[in-house]
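Listed below, chain by chain, are the residues.
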Amino acid sequence: MRPGHFVKAQATLNVLAPQWPQGPKEQALAAETFTPESGIAVNFEAVNYATLEQRVKLLVEGQSADYDIYDYDSQWLGGFVAAGALERLDTDQFLGNPDTTIQMDSFFPEITSRLVRYPNNEAAPSEDAPVYGVPWSLNAEALWWRNDLMDAAPATWEELRAKAQELTNDSMFGYAVQGGRDADWIISETNPIMWGNGGELWDQATYTAQGILNSDSNKDSLQFFVDMNLVDGSIDPASANWTINERLGALLTGKAAMCLNWAPLFGGVADDPNQSQVVGQIGYAPSPAGSVTTAAMIGCQGTGLNTLSEQKDAAWQYLEWWQSDETQTAMIEDIPSGFVSARTDLQSLATNPWQTVFFEMLPSLRDMWNIPEYAQLLQILQTELNLAYVGQKPPADALDDAALAQQVVLDGSPDNPANA
Amino acid sequence: MSSSAGSFPPDNPQSSPESRYAGQLRAFPWLLVAPTVILLIALTIFPLIYSLYMSLHNFTLGGAKTWIGLDNYRDLLSDRSFWRKTWFTLQITIFAVAIELVLGLLCALVLNKRLRGLGLLRMIVYIPMMLSPLVVAYFWRIMLDGSFGVFTWFAQELGFGKPQWTVDLTLAKASIVATDVWQWTPFVTLLMLAGLQAVHEAAELDKGTRWMTFRSITLPYLMTPILIAVLFRTIDTFKLFEAVYIITQGGPGDLTETLSLMAYTVGFEQSRIGMGAAISWFVVVVINVLATLLIMLMARSRRESVMMAEVGDDE
């Protein structure tokens, strides 16, 4: 037990988490090592990812102390902080305690600036922004490609488009996408292209979308993406309402030659003969570069303390255990977990190609909005992107309409500097 | 204390055993219905009133709750996409209910025959309506996938290429209607069969042609089951959520979004509880208006049936 902290025996911590590949291993490890050492039992409740955000907000609304730890996605951070769901951790009780074993400077700053510090401007991140969690699961969208069909992965979006056309035939499409408008499906496809070509979603400093989201650069990028579907025919048209499952399924059943997909999250799935028909034929490369830069979509989750928890010391002790050498090492080595550590000193332990590719993308990680209004902004844009993708609306008009609607939301935000 | 000198306070005539028994008798029915009433208030009436209260607030989960009166309703009614979704919901309702009525009636006429093996067929026909709408929606999503769905495979085999059932707007609308029709036609069939049992003998006695018999005997007797079917199916289809949420996700874009999906998206995915409640209340009002109209029609149909029966008896 950490010096200076008393945790009552026989305590039970309740953790609310998404159903994530790493969950079972974390639970097993907690039962094997954390509980025997600390005397604290850990009860996990893993719920459907799509319902977790609302669940936490409803719990906070009801002033619930049922859970001690909340796992959260990066874009929920602002909403959770605004709702008072997450305990601030850069205080004397936690990160400021000289006895604590968690050191913020042991983590990759590219991760912490987007995942645990809020508010924080992605364009000008601050190391002084308040901290509300620690890293839990790290992912970014990498390019999964068939190494039996190509000598090397396409390095740019232009190369990818050409290669996708070349590989498309009667039984295979060159590229697979998740084009649905639910969750963050289609935006995860378009963001890396827009950012790579120098576009932005908004100006965080001024809460402006008009003129930025619908910039000429972004319109060209969206046209490029739509043309791969409607003009080139190198993407399955059915993908317009595909989710992450169908996209990965297309690759693993040999119906597509390339796709963006999270790494290391799905870890060894491509090499598991029970789940893949292309065992040993998948390579992992960073998200392709645009005409200006390379941008990879982040998909990281954090874990923090419920502000209303009555067992914050025990919960903090659990987070310390979670970030310990032994726990992080065991997680990295467990292939089904698809895990890499946010700790800089443990990077070398991640040696699988689907792990190392994450670190290759670290300098180019980008995230979308994480303010309380993110869900509205997301749905406005995804609806318009989907309309453009199926040819119901010209890409330029779709972005103009999205920018207009998003600006109304941003103008009404209490956090908009203009409303201060 | 002795009570020989009488009790204090003096005996209330109402507290005699007989009057107490009478009081208990009066209270007993209330006691019996009390659990139901309490549950109804707790689970239905209070949430309904509370949702109305919420619809009068600007309230996003995690944020402050501000009284804004009817502003949510005003914003909603001035939103063009809301009216587009209302129209789409009505379209789906009209098409699905009409097809279910026709198919349900045809199925009932076939299943009403006294043939061997029809009992088993009846059981099979009823299976879809016994399944969870969510499960049905997932089945249909997989079958309708434009790449690996079984319907796509059949279309390809027949030389129709690869129809994009859930991506092309017209086909997406048709797919939603088809899913609803597949699941709920059996319900209409069940109602019609019940009605047909009553007219069976009368129809057998008539010496006219089949069409004449159907038009002048069977159909008038079926008016009440038909209106009941329209009432239930209209209410249910106007609230349609699962099929749209799973099969098209409301897409392409939001062009197949029903009002229920809109309420869910706004209320739960965007956490805008006040606006979500306002949309739900709009649905409640529309359904109540439609239901009232149909119930009035049913009452008129019943009166006419009774009159028809009386005329028949006189003759």
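Predicted model, so just to flag it, every value in this text is computed and none were measured.

Engineer: Mind showing me how you'd approach the overall build of chain B here?
Structural biologist: Per the secondary structure count, chain B includes 11 helices and 2 strands. Put simply, chain B runs from its N terminus to its C terminus through helices and strands in the order α-β-β-α-α-α-α-α-α-α-α-α-α. Taken over the C-alpha trace, chain B has a radius of gyration of 27 Å; the compact-globule value for 315 residues is 20 Å, which it surpasses by more than 25%. Seen through its principal axes, chain B has C-alpha atoms that stretch 105 × 70 × 35 Å.

Engineer: Teacher, can you tell me more about the overall build of chain A here?
Structural biologist: Each helix and strand counted, chain A has 13 helices and 10 strands in total. Taking 22 Å as the expected radius of gyration for a compact globule of 420 residues, we find that chain A reaches 22 Å, a close match to that expectation. The C-alpha extent of chain A, read off along each of the three principal axes, is 65 × 55 × 30 Å. The burial tally for chain A puts 62% of its 420 residues in the buried class.

Engineer: Looking at this model, I keep getting lost on the interface of chain B and chain A. Mind explaining?
Structural biologist: Where interface size is quoted, it is often the accessible area lost as the parts come together. In this assembly, 31 residues from chain B lie in contact with 28 residues from chain A. When the area that chain B buries against chain A is broken down by residue, the three leading residues are B:Leu61, B:Gln249 and B:Gly253, summing to 23%. Linking chain B with chain A are 2 salt bridges. The interface formed by chain B and chain A contains 18 residue pairs in polar contact (both at pLDDT 80 or more). Among the elements that make up the side of chain B that touches chain A, the one with the highest residue count is helix H10 (residues 259–269) of chain B (4 residues). Taken together, the residues of the side of chain B that touches chain A sort by class into 11 nonpolar, 13 polar and 7 charged.

Engineer: What is the right way to look at the domain arrangement of chain A in this model?
Structural biologist: Residues and elements named next belong to chain A. Along its sequence, chain A is organised into domain 1 (11–139 + 300–366) and domain 2 (140–297 + 369–419). Look at where the C-alpha atoms of domain 1 and domain 2 centre, and you get two points 27 Å apart. At the interface, 33 residues of domain 1 touch 28 residues of domain 2. Together domain 1 and domain 2 conceal approximately 2,300 Å² of surface at their shared face, both sides included; 60% is due to carbon and sulfur atoms.

Engineer: Quick question: what am I supposed to make of the packing of aromatic side chains here?
Structural biologist: Within a pair of aromatic rings, the relevant descriptors are the distance that separates the centres and the angle that separates the planes. All names here are of chain A. Counted under the stated rule, the structure contains 30 aromatic pairs over all chains. Here the aromatic rings of tryptophan 144 and tyrosine 284 are separated by 4.9 Å at their centres, their planes lie at 80°, and the arrangement is edge-to-face. Pair noted here: tryptophan 144 is in strand S5 (residues 140–146) and tyrosine 284 is in strand S7 (residues 282–285), with a separation of 140 residues, a long-range link. As far as burial versus exposure is concerned, tryptophan 144 and tyrosine 284 are alike and both buried. Chaining the aromatic ring pairs together yields one cluster made of Trp20, Tyr49, Trp76 and Phe80.

Engineer: Can you walk me through the nonpolar core in this structure?
Structural biologist: A general trend in soluble globular proteins is that nonpolar side chains are found buried together. In terms of nonpolar packing, the biggest core is built from 144 residues, with A:Ile111, A:Trp144, A:Tyr175, A:Tyr318 and A:Trp369 touching the most fellow members. By residue number, the principal contributor to this core is helix H12 (residues 374–389) of chain A, which donates 9 residues. Mapping this core onto the domain boundaries places at least three of its residues in each of domain 1 (11–139 + 300–366) and domain 2 (140–297 + 369–419) of chain A. Among the nonpolar cores identified, the runner-up in size contains 24 residues, and B:Leu118, B:Val199, B:Ile226 and B:Leu227 belong to it.

Engineer: Looking at this structure, how should I read unusual backbone geometry?
Structural biologist: Trans peptide bonds make up most of the peptide bonds, and negative phi angles are found at most residues other than glycine. With omega at -5°, the peptide bond leading from A:Tyr118 into A:Pro119 counts as cis. Cis geometry is adopted by the peptide bond preceding B:Pro252, which originates at B:Gly251 and carries an omega value of 5°. Within the element layout of this structure, B:Pro252 appears in the loop between helix H9 (242–248) and H10.

Engineer: I tried to follow the sheet that holds S5(A) on my own but got confused; where do I start?
Structural biologist: Hydrogen bonds along the backbone pair up the strands of a sheet, which may run parallel or antiparallel. All names here are of chain A. Pairing in this open sheet of 3 strands is antiparallel, and the strands run S6-S5-S7 from one edge to the other. Looking at which strands have only one partner, the edges of the open sheet turn out to be strand S6 (258–263) and S7. The mean angle between the axes of side-by-side strands here comes to 40°, regardless of whether they run parallel or antiparallel. In the sheet, S5 pairs with S7 via 4 bridges, with the strands oriented antiparallel. Bridge assignment links tryptophan 144 to a residue of S7, and that residue is tyrosine 284. Strands S5, S6 and S7 of the sheet are contacted by helix H8 (residues 244–252), whose axis makes an angle of about 120° with S6.

Engineer: For this particular structure, what's the right way to read the sheet that holds strand S1 (residues 12–18) of chain A?
Structural biologist: Residues and elements named next belong to chain A. Overall, mixed pairing links the 5 strands, which are arranged S2-S1-S3-S9-S4 in an open sheet. Since the sheet does not close on itself, it has two edges, and those belong to strand S2 (41–47) and strand S4 (134–137), each with one partner. Each adjacent strand pair in this sheet contributes to an overall mean axis angle of 30°, direction not counted. Looking at chain direction, S1 and strand S3 (residues 69–73) are connected through 2 bridges and run parallel. If you follow valine 15 over to S3, its bridge partner there is isoleucine 69. In the packing of helix H1 (residues 23–38) onto the sheet, the strands contacted are S1, S2 and S4, and the crossing angle to S2 comes to about 170°. Sheet contacts for helix H9 (residues 312–322): S1, S2, S3, S4 and strand S9 (301–305); angle to S9, the most-contacted strand, approximately 150°.

Engineer: I would appreciate a short explanation of helix H10 (residues 325–333) of chain A in the present structure.
Structural biologist: Note on helix geometry: an α-helix contains 3.6 residues per turn, so any two residues three or four positions apart are oriented the same way. Along H10(A), the residues that are buried comprise A:Thr327, A:Gln328, A:Ala330, A:Met331 and A:Ile332. Tucked into the core, H10(A) has its buried residues touching H1, H9 and helix H11 (353–361) of chain A.

Engineer: Any chance you could explain the state of the cysteines here in plain terms?
Structural biologist: In protein structure, a disulfide is the covalent linkage between the sulfur atoms of two cysteines. Residue and element names in this part refer to chain A. Under the criterion given, the structure shown has 0 disulfides over all chains. Counting only cysteine sulfurs, cysteine 259 is the nearest neighbor of cysteine 300, a cysteine outside any disulfide, at a range of 18 Å. Among the residues examined, cysteine 300 registers a relative accessible area of 0% and is labelled buried.

Engineer: Just to check I follow, could you spell out the environment of A:Leu149 for this structure?
Structural biologist: Residues and elements named next belong to chain A. Positionally, leucine 149 belongs in the loop between S5 and helix H5 (157–167). A relative accessible area of 34% means that leucine 149 is categorised as partly exposed. Separated by 108 residues in sequence, leucine 149 and alanine 257 place their C-alpha atoms 7.7 Å apart.

Engineer: Please explain the pattern of salt bridges as it appears in this structure.
Structural biologist: Should the charged atoms of two oppositely charged side chains come close, the side chains can pair. Under the definition given, this model contains 28 salt bridges over all chains. Residues B:Asp254 and B:Lys85 are paired through a salt bridge, measuring 3.3 Å at the closest nitrogen-oxygen approach. Residue B:Asp254 is located in the loop between H9 and H10, and its partner B:Lys85 is located in helix H3 (residues 80–111); the two are separated by 169 residues in the primary sequence. B:Lys85 shares its class with B:Asp254; the two are buried. B:Glu100 is paired through a salt bridge with B:Arg233; the nearest N and O atoms lie 2.8 Å apart. Here B:Glu100 is found in helix H3, whereas its partner B:Arg233 is found in helix H8 (residues 210–238), with 133 residues between them in sequence. Under the relative-accessibility criterion, B:Glu100 is labelled buried at 0%. Here the salt bridges share partners, and the residues they tie into one network are A:Arg181, B:Arg84, B:Lys85, B:Asp254 and B:Glu257.

Engineer: Teacher, can you tell me more about the confidence of the model for chain B here?
Structural biologist: Parts of the prediction with low pLDDT should not have their coordinates interpreted in detail. All names here are of chain B. Residues of chain B with pLDDT of at least 70 account for 90%, and the chain-wide mean is 88. Ranking the elements of chain B by mean pLDDT puts helix H11 (residues 273–314) last with 85 and helix H2 (residues 71–77) first with 97. Confidence over residues 1–6 falls short of pLDDT 50; this stretch has 0 contacts with residues more than four positions distant or in other chains. As scored by the predictor, the complex reaches a pTM of 0.90 and an ipTM of 0.89.

How each quantity is defined
- Residues numbered from 1 in each chain as written.
- Chains lettered and ligands numbered in written order.
- Predicted model: local features only at pLDDT ≥ 70, side-chain atom pairs only at ≥ 80, totals over all residues.
- Heavy atoms only, no water.
- Helix = DSSP H or I, 4+ residues; strand = E, 2+ residues; numbered from the N terminus.
- Rg over C-alpha atoms; globule rule 2.2 N^0.38 Å.
- Buried < 20%, exposed > 50% of the residue type's maximum accessible area, 1.4 Å probe, protein only.
- Contact = heavy atoms within 4.5 Å.
- Buried area = accessible area lost by both parts, 1.4 Å probe.
- Salt bridge = Lys/Arg side-chain N within 4 Å of Asp/Glu carboxyl O.
- Polar contact = N/O pair within 3.5 Å; in protein donor to acceptor, adjacent residues only side chain to side chain.
- Nonpolar A, V, L, I, M, F, W, Y, C, P; charged D, E, K, R; others polar.
- Domains from an automatic or database assignment.
- Phe/Tyr/Trp six-rings, centres within 6.5 Å; stacked < 30°, edge-to-face > 60°.
- Core = buried A, V, L, I, M, F, W, Y, C linked by side-chain atoms within 4.5 Å.
- Pairing = 2+ DSSP bridges.
- Axes fitted to C-alpha atoms, helices over the stretch in contact; angles between N-to-C directions.
- Disulfide = S-S within 2.5 Å.
- pLDDT = per-residue confidence, 0-100.

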